[in-house]
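# A look at the structure
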Amino acid sequence: MGAWDITCKDLRLLMRDRRALVMLLALPLIFITILGFSTGQMAGWRESNQVLQIALLNEDGGPLAQQVAHSLSRRDGLQITRVESREQAQDLMNRRDVNAAIYIGPNFHEQVEELTLGDILDPTNGVLKQGLSKLDMEVVHTPTFLTSGSLVADLVFADTLKTLVPHVAGKNALARRYMDRARSRRIELENAEPEREKPTRSESLPLPEQQRGSLVYQQLVPAYTVLFMFFLVNIMSRSFLAERDLGTLRRLQIAPITRTAMLTGKTVPFLILSLVQSSLLFLAGRLLYGMSWGPEPWLLIPVIASTSLAATTLGLLTATLVKSESQVSAYANTLVITMAGISGCFMPRRWLPEAMQQLSLGTPHAWSLIAFDELLAREVVAPTIVYRSCGMLLLFALGFFILGWCRFRAWEE
Amino acid sequence: MSLLQVSDLRKSYDGRLAVRGISFQVNAGEVVGLLGPNGAGKSTTMMMLAGLLRPDAGTIHIDGEPFVPTNARFRRLLGVVPQDLAVYPELTPRENLTFFGRLYGLRGHELEARIAEVLEQIGLTRQADDKAGTFSGGMKRRLNFGVALLHQPKLLILDEPTVGVDPQSRSHLLDAVRHISERGVSVLYASHYMEEVEAVCERVIIIDRGQIVAAGAVRELLSRTAGDVRMSVDRIGTLSERLGALAAIETGSNGGGTIVLSMAETAAQPLCQRLTRVLSVLAEEQIEVKAIETREANLERLFLELTGRTLRD
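Numbers given for residues are sequential positions, taken from 1 along each chain in its written order. As they are written, the chains are lettered A onward and the ligands numbered 1 onward, keeping that order. Reporting of local features is limited, given that this is a predicted model, to residues whose pLDDT is at least 70; pairs of side-chain atoms are given and counted only at 80 or more, and all residues count toward the totals for whole chains, interfaces and linings. Here the side-chain values reflect all heavy atoms present in the structure, with hydrogen atoms and water set aside.

### Remarks on the overall build of chain B
Heads up, the condition is: Every helix listed is a DSSP run of H or I at least four residues long, and every strand listed is a run of E at least two residues long, numbered separately from the N terminus. Relative accessibility thresholds used throughout: buried, under 20% of the residue-type maximum; exposed, over 50%; partly exposed, between the two (1.4 Å probe, protein chains only). Here a residue-residue contact requires only that any non-hydrogen atoms of the pair lie within 4.5 Å. Only the protein chains shown count as cover for residues, and the accessible areas themselves come from Shrake-Rupley with a 1.4 Å probe. For the purpose of counting charges, residues Lys and Arg are taken to be positive, whereas Asp and Glu are taken to be negative. His and the chain ends are not included. A charged residue contributes its charge at one atom only: NZ of Lys, CZ of Arg, CG of Asp or CD of Glu.
Within chain B, the secondary structure is distributed over eleven helices and 14 strands. A total of 313 residues make up chain B; the buried ones form 50% of that total. By sequence separation, contacts in chain B at least 24 residues apart represent 68% of the contacts at least 6 residues apart. When the accessible surface of chain B is summed, it comes to about 14,100 Å², and 49% of that surface belongs to carbon and sulfur atoms. Side-chain charges in chain B split into 36 positive and 39 negative, and the spacing between the mean points of these groups amounts to 4 Å.

Spelled out as structure tokens, the structure:
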């Protein structure tokens, strides 16, 4: 019962320490929001920044040109803006509102009608070797878009050919027969409605767009949740120091409770706080930032719990090592920030060099991030990876608690 | 029967001996003072008795059994008032008492009744729900004292319980000590304020530099020293030769000094005769007496005589 009494007392003291509560609960939210906004634009994670902005001018206006324009507008990665004139397209490029412009000239239809099946089947050697210009089409781009400009031109060329193939092939009797047969087979397959195979893990990367939520927060929320969970080390150390400075630690030491009960009682309030903090951050991530909890949201619970345990027991160990407030500021903060930096809290783990990724496995942060990545960034979760990470986090927690217990005993004596 | 028996207790820090073989006992219901200047070894002794420090040598028996600090039974027998204000300033006295009471296994109505009783005892009933951090030093000391009383210990260890408190709170605390000793609780009272020790203790142990220099009942210890009559004069002249062994002469500045007549019963002549003789010599020498004062025998004087130092050194 002694441990629970200490827990209740510390929770009551924490509730009255508004500054600490703000630091633990509001600060991470503010931090994630600010970083979400800023890095979202800088790193190109915002969805609108991930697509190419293209202006499209259809001067032909015929059905085939419409078909080409429609096909291009449905391409992933392209955001098509219809314009009325070349001047308007140029103006958009000058203002950097679009990266490139596609012009479908007034002679497009006539040029297409001149094509034969052979031109389509061998575009590199036939009349189409001149590229889009043979179809009275043109792709222009801004000077800053030099490298990607030719890629866009190739993409437009390929997409246009794909659209034109049925039309040009339809003019050939033999090709028309094959096309009819292929259409019938497709209808048969569609009617049969075969059961979709569940994607395997290797082909499931990454999570589909509709389940992915906001990409920035999908990365930021778990990373900064882990970072701030371990910032408890600072507040726990200060709590121990305060207890020692007040002299109340001596009162606890002479009370009829065991050392284990006392240390457990001092640890549990921060564990509860950590659980509340991380749950709130994930909830805010979902409600405010539109992040997804992944296909197996219930698995977040053991990961959050084991990470909290590792964080609070590390706090306990640190509390027995520091002797003053200035040591808390110097050592505890350095420890937390270094571990966060090594493990990949500040940038996605896959961006870290291989050696650093291996080194980071010596931190609890890394195991937590691995588990969160598995849960939040995959279409199909591999439970063994999550369980292994939780196991490692629990081992860290056990190790930290035992070391803290031994340090405390040595410190008492 | 003695509730606390201490034998040849020793403790050193980094090779420096803080306690050098202290032995004493405290009987049930007795208030024993541990008197000594700062650094004499009082707090170290108290911490060993509270189980917070492990002695290098020596034994401690409580209630007839060897003291095992980790044993909860012994911890319940002890009530400790540390020198620090060991209470939570963010909690109210009621919350502080509730927390510590629960640690000692008190629950429900029993706990509530004890809290009410202790609040009354320490005079904080009206402030029971105010934050302790807003209290004066004296009120915090009273709360610090109350926490140790809550679980009704058989032996109360008080380490400088009145440091920095106002006279009203000091008087309140001393009354409370007398009150609980009347209920049969043994008290070990460490202080460097000899007035307090004289006021509440039946027996006194005087320690200096980690050793006991005197121990016994207050009356007995006081009988080992004596008061004196001190006469300040404007010049000394040939007083030393004329008064001889009748009185001691302390030379002051500007040729003046002080004539000191001991009130010890062991002196060669009664005080009255010696005083008459001194006054007649002063009249003959036409030396003017500027002031006369008497100093009573007290533990401070005894300590000075025993160690050559004052308690506040």
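### Side note on the overall build of chain A
Within chain A, the secondary structure is distributed over 19 helices and four strands. For chain A, long-range pairs separated by at least 24 residues make up 78% of all intrachain contacts whose partners lie at least 6 apart in sequence. Of the roughly 20,700 Å² that chain A leaves accessible, carbon and sulfur atoms contribute 59%.

### A look at the side chain of A:Asp5
Relative to the helices and strands, A:Asp5 is located in helix H1 (residues 2-16). Overall, A:Asp5 belongs to the buried group, its relative accessible area being 4%. When sequence neighbours within four positions are dropped, the list of residues in contact with A:Asp5 reads B:Phe99, B:Arg102, B:Leu103 and B:Arg107.

### A few points about the interface of chain B and chain A
What counts is decided by this rule: By definition, the buried area sums, over both parts, the 1.4 Å-probe accessible area that each loses when the two are put together. Put simply, a salt bridge is a Lys or Arg side-chain nitrogen that is within 4 Å of an Asp or Glu carboxyl oxygen. Polar contact criterion, stated in full: a pair of N or O atoms within 3.5 Å, where within protein one must be able to donate a hydrogen and the other to accept it, and residues adjacent in sequence count only if both atoms are side-chain atoms.
Listed by partner, the interface residues are 27 residues for chain B and 22 residues for chain A. Carbon and sulfur atoms supply 60% of the area that chain B and chain A bury against each other, a total of about 2,400 Å² over both sides. In terms of surface lost to chain A, no three residues of chain B exceed B:Leu52, B:Tyr88 and B:Leu103, which account for 26% of the buried area on that side. On inspection of chain B and its partner chain A, the count reaches five salt bridges. There are 13 residue pairs in polar contact (both at pLDDT 80 or more) connecting chain B and chain A. Breaking the side of chain B that touches chain A down by element, the ones donating at least two residues are helix H1 (42-50), helix H2 (72-77), helix H3 (93-103) and helix H5 (137-149) of chain B.

### Brief notes about helix H4 (residues 63-73) of chain A
Keep this limit in mind: What the arc covers is the set of directions going from the helix axis to the C-beta atoms.
When H4(A) is considered as a whole, its buried residues turn out to be A:Leu64, A:Ala65, A:Val68, A:Ala69, A:Ser71 and A:Leu72. Buried positions in H4(A), seen along its axis, are confined to an arc of 160° and lie on one side of it.

### Some points on the environment of B:Pro89
Positionally, B:Pro89 belongs in the loop between strand E6 (78-81) and H3. With 42 residues separating them in the primary sequence, B:Pro89 and B:Lys131 have C-alpha atoms 6.4 Å apart. Aside from chain neighbours lying at most four places away, what touches B:Pro89 is A:Leu246, B:Lys131, B:Ala132 and B:Gly133.

### Regarding the nonpolar core
Put simply, the rule reads: Residues enter a nonpolar core if they are buried and are Ala, Val, Leu, Ile, Met, Phe, Trp, Tyr or Cys, with the set joined through side-chain atoms within 4.5 Å.
Formed by 103 residues in total, the largest nonpolar core has its most connected members in B:Leu4 and B:Phe145. Broken down by element, this core gets its largest block of residues, six residues, from H5(B). In this view, B:Phe145 contacts B:Val81, B:Ile122, B:Leu156, B:Leu158, B:Leu173, B:Ala176, B:Val177 and B:Ile180; residues no more than four positions away in its chain are not counted. Ranked by size, the runner-up nonpolar core spans 49 residues in total, among them A:Tyr217, A:Leu227, A:Val233 and A:Ile370.

### A look at a nonpolar patch on the surface
Test applied: Put simply, a patch holds well-exposed residues, over 30% relative accessible area, that have no salt bridge, with like charges counted together within 9 Å and Val, Leu, Ile, Met, Phe, Trp or Tyr side chains within 5 Å.
Together, A:Trp4, A:Ile272, A:Val276, A:Leu280, A:Leu283, A:Leu287 and A:Leu288 make up an exposed nonpolar region whose accessible area comes to about 660 Å². The element that contributes the greatest number of residues to the nonpolar patch is helix H14 (residues 259-287) of chain A, accounting for five residues.

### Side note on the confidence of the model for chain B
Low-pLDDT portions of the prediction should not be read for the details of their coordinates. Selection rule: The pLDDT value tells you how sure the predictor is about a given residue, anywhere from 0 up to 100.
For chain B, the mean per-residue pLDDT works out to 88, and 98% of the residues sit at or above 70. Confidence metrics for the complex model read pTM 0.70 and ipTM 0.80.

### With respect to the environment of B:Leu299
Residues and elements named next belong to chain B. Within the fold, Leu 299 resides in helix H11 (residues 299-307). We classify Leu 299 as buried; its relative accessible area is 0%. Considering only alpha carbons, one finds Leu 299 and Leu 222, 77 residues apart in sequence, at a separation of 6.4 Å.

### Digging into the confidence of the model for chain A
Residues and elements named next belong to chain A. The predicted model of chain A averages 82 in pLDDT, with 89% of residues at 70 or higher. Across chain A, the element-wise mean pLDDT spans from 47 in helix H10 (residues 209-212) up to 93 in helix H15 (residues 300-321). Low pLDDT, under 50, characterises residues 41-46; the predicted model gives this stretch 15 contacts beyond four residues in sequence or across chains. Counting contacts from residues 201-205, a segment whose pLDDT is below 50, to residues more than four positions away or on other chains yields nine contacts.

### Observations regarding the packing of helix H12 (residues 232-246) of chain A against H15(A)
Residues and elements named next belong to chain A. Cut-off, in case you're wondering: Interaxial angles span 0 to 180 degrees and are taken between N-to-C directions of axes, which are lines fitted to C-alpha atoms, for helices over the stretch in contact. Note on terminology: angles under 35 degrees are roughly parallel, angles over 145 are roughly antiparallel, angles of 65 to 115 are roughly perpendicular, and the others are oblique. Handedness of each helix crossing follows the sense of rotation of the near helix against the far helix: counterclockwise by less than a right angle gives left-handed, clockwise gives right-handed. In this classification, Asp, Glu, Lys and Arg are treated as charged, Ala, Val, Leu, Ile, Met, Phe, Trp, Tyr, Cys and Pro as nonpolar, and every other residue, Gly included, as polar.
One can describe the packing of H12 onto H15 by two numbers: an axis separation of 8 Å at closest approach and a directional angle of 45°. By the angle class used here, H12 and H15 are oblique. As H12 packs across H15, the resulting crossing turns out to be right-handed. Contacts from Leu 232, Val 233, Met 236, Ser 237 and Phe 240 of H12 reach H15 at Ala 311, Thr 312, Leu 314, Gly 315, Leu 316, Thr 318 and Ala 319. Broken down by class, the residue content of the contact of H12 with H15 amounts to eight nonpolar, four polar and no charged.

### Digging into the pairing of strand E10 (residues 211-217) of chain B
Regular strands place side chains that alternate from one sheet face to the opposite one. All names here are of chain B. Note the following rule: Two strands form a pair only when DSSP identifies at least two bridges running between them.
Where strand E9 (residues 203-208) meets E10, six bridges bridge the pair, whose relative direction is antiparallel. Bridged to Arg 203 within E10 is Ala 217. Where E9 folds back onto E10 in an antiparallel hairpin, the turn is made up of two residues, including Arg 209, whose phi is positive at roughly 50°.

### Quick look at helix H4 (residues 108-121) of chain B
Residues and elements named next belong to chain B. Keep this limit in mind: Given a helix with a known number of residues, its expected span is that number minus one, times 1.5 Å.
The end-to-end C-alpha distance of H4 is 20 Å, a good match for the 20 Å that 14 residues give at a rise of 1.5 Å each. Listed in full, the buried residues belonging to H4 are Leu 111, Arg 114, Ile 115, Val 118, Leu 119 and Gln 121. On an axial view of H4, the arc spanned by its buried residues comes to 155°, and they lie on one face. In this structure, H4 carries His 109, Glu 112 and Glu 120 as exposed residues pointing more than 90 degrees from its buried face. Packed against the buried residues of H4 are H3, H5 and helix H6 (167-182). Gly 123 lies just past H4 and shows a positive phi near 70°.

### Points about the sheet that holds strand E7 (residues 155-159) of chain B
All names here are of chain B. Spatially, E6-E7-E8-E3-E9-E10 is the arrangement adopted by the six strands of the open sheet, whose pairing is mixed. Among the strands making up the open sheet, the edge pair consists of E6 and E10. Direction aside, the axes of adjacent strands within the sheet are offset by 15° on average. In terms of strand pairing, strand E3 (residues 31-35) meets strand E8 (residues 186-191) through five bridges, oriented parallel. Paired with Gly 33 across the strands is Tyr 189, a residue of E8. Of the strands in this sheet, E3, E9 and E10 touch H11, which is tilted by about 35° from E9.

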